[in-house]
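# Chain and residue survey
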Amino acid sequence: MAKLQVELEGLGVTDAYEVCEDAILSVWIGLVVTFRDGFYRWQEGVVKRRHLGTDPVGCAIRVARRYAELRADVPPWWDELAKTLRGGAAEHYP
């Protein structure tokens, strides 16, 4: 996960952080990456994807691309999820 985080930072995703002792990388609210069974697995809402664990660079590219898409066009489910996870303070923070 550390290698993936470094690759994401190189692609401009600087606000990702580790959760649960390196088990989960939170890229953006609702977009998380885990590593298990030799695969990076990321989930965004109900959408789930995976990428070979031997290719953190390729995974970072795919996750960074999706992160940019989400930030450019915030999905309708984000507001409710943000309020649930962060409370009212997140109301105007995409």
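## Notes on the nonpolar core
Soluble globular proteins tend to bury their nonpolar side chains together. With 20 residues, the main nonpolar core has Leu-4, Leu-8, Val-27, Leu-31, Val-33 and Val-63 as its most contacted residues. The set of elements that each furnish at least two residues to this core consists of helix H1 (2-10), strand S2 (24-28), strand S3 (31-36), strand S4 (39-44) and helix H2 (56-72). A total of six residues in this core trace back to one element, the largest contributor, which is H2. Sequence-distant contacts of Val-63, defined by excluding residues within four places in its chain, comprise Leu-8, Val-27, Leu-31, Val-33 and Trp-42.

## Here's the deal with the packing of aromatic side chains
Under the defined criterion, the tally for this structure stands at one aromatic pair. Both rings, one in Phe-35 and one in Tyr-40, keep their centres 5.1 Å apart while their planes meet at 65°; by these two values the pair is edge-to-face. A relative accessible area of 4% places Tyr-40 in the buried class. A cation over an aromatic ring shows up here: Arg-50 above the ring of Phe-39, its NZ or CZ 4.1 Å from the ring centre.

## With respect to the pairing of strand S5 (residues 47-52)
Put simply, side chains in a regular strand alternate between the two faces of the sheet. Alignment of S4 against S5, held across six bridges, turns out to be antiparallel. From the neighbouring strand, Glu-44 faces S5, where its bridge partner is Val-47. Linkage of S4 to S5, two consecutive antiparallel strands, is achieved through a turn of two residues, within which Gly-45 is found at a positive phi near 60°.

## Section: H1
Among the residues making up H1, those that are buried are Leu-4, Gln-5, Glu-7 and Leu-8. On an axial view of H1, the arc spanned by its buried residues comes to 160°, and they lie on one face. With respect to the buried face of H1, the exposed residues turned more than 90 degrees away are Ala-2 and Gly-10. In this structure, the buried residues of H1 make contact with strand S1 (17-19), S2, S3, S4 and H2. At the C-terminal side of H1, Gly-12 shows a positive phi close to 95°.

Definitions and cut-offs
Residues numbered from 1 in each chain as written. Predicted model: local features only at pLDDT ≥ 70, side-chain atom pairs only at ≥ 80, totals over all residues. Heavy atoms only, no water. Core = buried A, V, L, I, M, F, W, Y, C linked by side-chain atoms within 4.5 Å. Buried < 20%, exposed > 50% of the residue type's maximum accessible area, 1.4 Å probe, protein only. Helix = DSSP H or I, 4+ residues; strand = E, 2+ residues; numbered from the N terminus. Contact = heavy atoms within 4.5 Å. Phe/Tyr/Trp six-rings, centres within 6.5 Å; stacked < 30°, edge-to-face > 60°. Lys NZ or Arg CZ within 6 Å of the ring centre and 35° of its normal. Pairing = 2+ DSSP bridges. Arc of directions from axis to C-beta.

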